[in-house]
Amino acid sequence: EYVFEFLKQGGHRGDDSLKRIMTSASEKMEENITAEPKNVKWLMYQGELYNLMAARFSPSYAGAAEEYFSRARALSPHRPQIYLELAQARKLQGKITGMWLSIDELFKLLPEYLIGHINAASLAIDVGDAGREKKEVEWLESRGLGSDFLRDAYARDKRYDRAVHFQELYVAESGTAATPELATQYAQLAALYHLSGNDTKAREAARRAGEIDPSRVGEVKAFLQTLKN
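Residues numbered from 1 in each chain as written. Predicted model: local features only at pLDDT ≥ 70, side-chain atom pairs only at ≥ 80, totals over all residues. Heavy atoms only, no water.

## A short note on the packing of aromatic side chains
Moving on, step 1. Applying the stated rule across the entire model yields six aromatic pairs.
Moving on, step 2. The interplanar angle of 35° and the centroid separation of 5.5 Å between the aromatic rings of Phe4 and Tyr45 together place this pair among those described as tilted. Taken as a pair, Phe4 in helix H1 (residues 2-8) and Tyr45 in helix H3 (residues 40-56) lie far apart in primary sequence, 41 residues in all.
Moving on, step 3. Geometrically, the ring pair formed by Tyr50 and Tyr68 is stacked, given 5.8 Å between the ring centres and 15° between the ring planes. A residue pair is termed long-range when its members are at least 10 positions apart, and Tyr50 in helix H3 and Tyr68 in helix H4 (residues 62-75) qualify at 18 residues.
Moving on, step 4. Judged by relative accessible area, Tyr68 falls into the buried class, the value being 8%.
Moving on, step 5. Of the aromatic side chains, those joined through ring pairs into one cluster are Phe4, Trp42 and Tyr45.
Moving on, step 6. When the ring centre of Phe6 is taken as origin, the NZ or CZ atom of Arg13, which lies over that ring, is 5.5 Å away.
Moving on, step 7. The ring of Tyr186 carries Arg208 above its face, with NZ or CZ at 5.8 Å from the centroid. (Phe/Tyr/Trp six-rings, centres within 6.5 Å; stacked < 30°, edge-to-face > 60°. Helix = DSSP H or I, 4+ residues; strand = E, 2+ residues; numbered from the N terminus. Buried < 20%, exposed > 50% of the residue type's maximum accessible area, 1.4 Å probe, protein only. Lys NZ or Arg CZ within 6 Å of the ring centre and 35° of its normal.)

Structure follows, in structure tokens:
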């Protein structure tokens, strides 16, 4: 739990230190699995640890993650998170067909599962599956859902024009009340405009962020200065 919370909160450790902690957690988790072999929680924790280690250190850990999530699925086949984690483990190993099989198994159980469709869209963007990307993005857009998640997925893929599109939608969905949260959305929009090559709109969005939240004026000025250089 410490490892998961540490990473969730954006904690930073050197790779050697973090790997020692995660390895120790994995060893202790194995003791729990031995004591309670039919407790799905321990299998899922172990699989999640290995997925994290695969993403951080080496894809070789993803094979172990897949094994634990497969065992968890056999014990609890109706738990949706298992299918999403299994898809991630297969993706990290380059098993793209297997990744989609896991996602499709999930949708057979829960066709309207929002988190599943958000993950499917993100996976499609990550692996460059244009057909599946179109299908999943259209599913989310038709329901007015997932703009922030799609923005992040496209930004990771450096497709900044698409990231801008979904950040614009996200800003529109945030309403017009002058809140610090709305100012943050405009600041993020400004950064994405800049990355997409549209500095004119980047300036407009940055200034709007400063108007909404005057405490950000210094930050806005610094950002505008970078556009001049």
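## Details of the layout of surface pockets
Think of a ball as big as a water molecule: rolled over the atoms, this probe shows where empty space is left.
Moving on, step 1. Here the largest pocket defines a volume of roughly 800 Å³.
Moving on, step 2. The wall of the largest pocket is formed by 27 residues, among which Gln81, Leu84, Glu85, Gln88 and Asn119 lie closest to the centre.
Moving on, step 3. Considered class by class, the residues forming the lining of the largest pocket number 15 nonpolar, five polar and seven charged. (1 Å grid on protein atoms, 1.4 Å probe; cavity = no way out; pocket = protein on both sides within 12 Å on 5 of 7 lines; lining within 4 Å. Points joined across faces, edges and corners; volume = space filled by probe spheres on them. Nonpolar A, V, L, I, M, F, W, Y, C, P; charged D, E, K, R; others polar.)

Shape descriptors only; they carry no functional weight alone.
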